[in-house]
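# Structure at a glance
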Amino acid sequence: MRLRNQKDLCAGLLFMAIGAVVVFVASGYPIGSAMRMGPGYFPVLLGGILVVLGAAIGGRALWTGDPAPLPPVRLRPLLLVTLSILVFALMLERFGLVPAIVATVLASCLGGHEFRWREVAVLAAILAAASVLIFHLGLGLPFTLWSW
């Protein structure tokens with residue numbers, strides 16, 4: 001048996017791992033039945049579907065598809081996108097929703113190879129405005145918008 005597509009195999013393994021973790025964690029909740037679903041029913045069902053989907057994608061990589069080797073790992077995007085999530089988590093309570101979103105967009109865009117200030121500013125403004133409209137005004141969530 002010859003591995004044809006490394007990308008699909010890795011994607012399938014990742015889906016299977018995430019699905020297995022979801023099923024493992026959610027199995028600690030009462031599952032119930034299809035007529036009386038418990039809090040663990042839906043996560044276990046979705047986790048199981050993810051495991052099956054991952055197995056199908058990974059299995060297909062062994063027999064079909066164009067040969068596709070794994071691309072080299074780029075550390076800069078990986079680190080900056082991860083850092084952007086931490087920036088949001090640390091800034092949300094201290095500075096408010098709008099500055100946290102702007103800083104998150106800036107940090108994650110720095111991970112790309114095509115960084116343009118004008119595009120990043122427009123994207124940050126649109127995402128901040130949409131977040132205020134959806135979460136603060138629409139859903140009424142008690143986020144502090146600005147806290148200097």
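Residues numbered from 1 in each chain as written. Predicted model: local features only at pLDDT ≥ 70, side-chain atom pairs only at ≥ 80, totals over all residues. Heavy atoms only, no water.

This next bit is on a nonpolar patch on the surface. Taken together, the side chains of Leu133, Ile134, Phe135, Leu137, Leu139 and Leu141 present a nonpolar region at the surface, about 580 Å² in accessible area. Along the chain, leucine 141 turns up in the segment after α5 (117–138). (Patch = residues over 30% accessible without salt bridge, like charges linked within 9 Å, V, L, I, M, F, W, Y side chains within 5 Å. Areas by Shrake-Rupley, 256 points an atom, 1.4 Å probe, with all protein chains shown as cover. Salt bridge = Lys/Arg side-chain N within 4 Å of Asp/Glu carboxyl O. Helix = DSSP H or I, 4+ residues; strand = E, 2+ residues; numbered from the N terminus.)

Right, let's talk about helix α1 (residues 6–26) for a bit. In a regular helix each residue adds 1.5 Å, so 21 residues correspond to 30 Å; α1 covers 30 Å between its end C-alpha atoms and thus fits that length. Among the residues of α1, Asp8, Gly12, Gly19 and Ala26 are the ones counted as buried. Projected down its long axis, α1 carries its buried residues within an arc of 70 degrees, all on one side. Along α1, the residues that are exposed and aim more than 90 degrees away from the buried face are Val21, Phe24 and Val25. Contacts made by the buried residues of α1 are with α2 (41–63). (Expected span 1.5 Å × (residues − 1). Buried < 20%, exposed > 50% of the residue type's maximum accessible area, 1.4 Å probe, protein only. Arc of directions from axis to C-beta. Contact = heavy atoms within 4.5 Å.)

Once that is clear, we can look at the side chain of threonine 104. Inspection of the secondary structure puts threonine 104 in helix α4 (residues 97–109). Apart from residues lying up to four places away in sequence, threonine 104 is in contact with Ser84, Val87 and Phe88.

Shape is all these values report; function is a separate question.
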